[in-house]
Amino acid sequence: MEHDSVARCRELLALADVKELSDLIDLHSQDPRAGVQSAIAAARRRLERSHAESDRLRALFRLQRTLHEQGFACVAGIDEVGRGALAGPVTAAAVVLPLDVMIPGLDDSKKLTPARREDLAAVIEEVAVTSRVAHVSPAEIDLLGIAAATRRAMSLALAGLDPSPDHVVVDGLRMNISPSETAVVKGDSLVASVAAASIVAKVTRDALMRTLADQYPAYRFEVNKGYGTSEHTSAIAEHGPCSLHRRSFAPCTNTRLF
C-alpha cells in the first residue's frame, strides 16, 4: 500500500475537522511509521478533548432542560459584575438561550481571557433568543446600598427581555427578583444561560469603564475597571475620589473630596 508522506499525514490529522478525525485515525492507524503513529496519538487526544468539551456543554443545559420539562417555556440566566468595585456601576445581564445551542468555550467569564470573552459575547448576541444589560450608577449604589443596587440592576435587565421569561436562574443565592427563581451556587460555571450572562455583563461593563477612563485618566479605569488595585487606591489617596467612585465604599469615603 502506498502511503502519503509522514509530513502529509501529520498535516491531515492536525488540520482535520473533528467530525472527520475518527475516520482519518482509522485510515492511518495501520501505518507503522513512528511519525504517523505520533500524529495519530495527538489526534486521538484532540478527539478526546473535543468529546469532553461536548459533554461539558451539554451538561450546562441540564437544568434548563429540566425546567422546560416542568413546563417553563422561557428560562433566563442572570449574573452581575462590578459588585465589589470602588468605582463605576454594578452591571447585570440577563440572557435566554435556545435549548442545547452549542457555544464552544462557554464558561464563567472569570475563567476566560479578555479576548475570548469578547469573541464569546459576539456569539452569544448572535444566538440568544433575547438578552439585555442594565447598569446601576455609583450614586444609586450609595443611595440604595450594594445589595439593593445589584437587585435593581438584575430586575432592570430582566424587565428588558422580550419575550419575558417565566423562570429565572441566578448565580449564587436567591435574589427574589422573580416569582419563579432558581439559585445555583457557581451557576456561572454550571448553567449555560448564567455563564452567558456573566460574559455579556463583564464585556459590557469593561467596555464602559474603558470609555469612562478617557474622562478620568488619573485612575486608569481602562486597566483596573474600577476595582481596588494598589495603583487605583494610591490614585484615590493622591487625587481624591471622582464622580465615578462609590462614596459609601472605603477608601473613597475616607478620602478628601475635590
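Our subject in this report is the structure included herewith.

Moving on: a negative patch on the surface. A contiguous patch of negative charge, built from D17, E20, D23 and D26, is present on the exposed surface. Considering the arrangement of structural elements, one finds D17 in the loop between α1 (6–15) and α2 (18–28). Exposure remark for D17: the relative accessible area of 42% places this residue in the partly exposed category.

Quick look at the nonpolar core now. I78, L158, I177 and F221 are the most contacted members of the largest nonpolar core, which has 33 residues in total. Going through the elements one at a time, β1 (75–81), β2 (90–96), β3 (130–136), α7 (146–159), β4 (167–171), α9 (192–213) and α11 (230–239) are the ones with two or more residues in this core. For I78, the residues in contact, after removing those within four places along its chain, are A93, A94, M154, A157, L158, V168, V169, V170, D171, I177, V194 and A197. Core analysis: the second largest hydrophobic core is formed by 23 residues, L60, L120, A192 and I199 among them.

The next thing to look at is the side chain of R117. If you trace the backbone, R117 turns up in helix α5 (residues 114–127). Filtering out sequence-adjacent residues up to four positions away, R117 remains in contact with S109, L112, I199, K202, V203 and D206.

Glancing now at the sheet that holds strand β5 (residues 181–184). Spatially, the 5 strands line up as an open sheet ordered β3-β2-β1-β4-β5, and their pairing is mixed. This sheet does not close on itself; its edge strands, each paired only once, are β3 and β5. Each neighbouring strand pair of the sheet contributes to a mean axis angle of 20°, computed without reference to strand direction. Bridging between β1 and β4 involves 4 bridges; their strand directions are parallel. Following the sheet pairing, A76 is matched in β4 by V168. The strands touched by α9 are β1, β2, β3 and β4; relative to β1, the strand with the most contacts, the crossing angle is about 40°.

So, on to the pattern of salt bridges. Enumeration over the complete set of coordinates arrives at 14 salt bridges. Put simply, D206 and R117 hold a salt bridge, and the shortest N to O gap is 3.9 Å. Of the two residues, D206 is situated in helix α9 and R117 in helix α5; the sequence distance between them amounts to 89 residues. In terms of burial, D206 and R117 fall into one category: buried. Put simply, E53, R56, D107 and K111 are held in one network by salt bridges that share partners.

With the rule as written, the count across this model stands at 1 aromatic pair. Arranged with centres 5.5 Å apart and planes meeting at 15°, the rings of Y219 and F221 form a pair that is stacked. Looking at R246, its charged tip hangs above the ring of F249, at a distance of 5.2 Å from the centre.

Between its first and last C-alpha atoms helix α3 (residues 34–59) spans 38 Å; for 26 residues at 1.5 Å apiece the expected length is 38 Å, and the two agree. Every buried residue belonging to α3 is among G35, V36, A39, I40, A43, L47 and L57, and all of these are buried.

Here the focus is the packing of α2 against α3. Remark: α2 packs on α3, axes separated minimally by 10 Å, with the N-to-C direction vectors making an angle of 150°. When the axes of α2 and α3 are compared, the pair comes out roughly antiparallel. In terms of crossing hand, the pair formed by α2 and α3 is left-handed. Two secondary-structure elements touch here, α2 through V18, L21, S22, I25 and H28 and α3 through V36, Q37, I40, A43, R44, R46, L47 and S50. Residues that form the contact of α2 with α3 fall into these classes: 7 nonpolar, 4 polar and 2 charged.

Right, let's talk about unusual backbone geometry for a bit. If a residue is not glycine, its phi is most likely negative; likewise, a peptide bond is most likely trans. Residue D162 is joined to P163 through a cis peptide bond whose omega torsion reads 10°. Structurally, the position occupied by P163 is in the loop between α7 and β4. Note that the residue after A250, namely P251, is joined by a cis bond; omega there is 10°. Inspection of the secondary structure puts P251 in the segment after α11.

Moving on, we come to the packing of α1 against α3. Where α1 contacts α3, the axes come no closer than 9 Å and their chain directions differ by 0°. As far as their axial angle goes, α3 and α1 are roughly parallel. Counting all contacts with α1, which are made through V6, C9, R10, L13, A14 and L15, the residues of α3 involved are G35, V36, S38, A39, I40, A43 and R46. Per-class residue counts for the contact of α1 with α3 are 9 nonpolar, 2 polar and 2 charged.

Conventions adopted
- Residues numbered from 1 in each chain as written.
- Predicted model: local features only at pLDDT ≥ 70, side-chain atom pairs only at ≥ 80, totals over all residues.
- Heavy atoms only, no water.
- Patch = residues over 30% accessible without salt bridge, like charges linked within 9 Å, V, L, I, M, F, W, Y side chains within 5 Å.
- Areas by Shrake-Rupley, 256 points an atom, 1.4 Å probe, with all protein chains shown as cover.
- Salt bridge = Lys/Arg side-chain N within 4 Å of Asp/Glu carboxyl O.
- Lys, Arg positive; Asp, Glu negative; His and termini not counted.
- Charge placed at Lys NZ, Arg CZ, Asp CG, Glu CD.
- Helix = DSSP H or I, 4+ residues; strand = E, 2+ residues; numbered from the N terminus.
- Buried < 20%, exposed > 50% of the residue type's maximum accessible area, 1.4 Å probe, protein only.
- Core = buried A, V, L, I, M, F, W, Y, C linked by side-chain atoms within 4.5 Å.
- Contact = heavy atoms within 4.5 Å.
- Pairing = 2+ DSSP bridges.
- Axes fitted to C-alpha atoms, helices over the stretch in contact; angles between N-to-C directions.
- Phe/Tyr/Trp six-rings, centres within 6.5 Å; stacked < 30°, edge-to-face > 60°.
- Lys NZ or Arg CZ within 6 Å of the ring centre and 35° of its normal.
- Expected span 1.5 Å × (residues − 1).
- Parallel < 35°, antiparallel > 145°, perpendicular 65-115°, else oblique.
- Left-handed = near helix turned anticlockwise from the far one by under 90°.
- Nonpolar A, V, L, I, M, F, W, Y, C, P; charged D, E, K, R; others polar.

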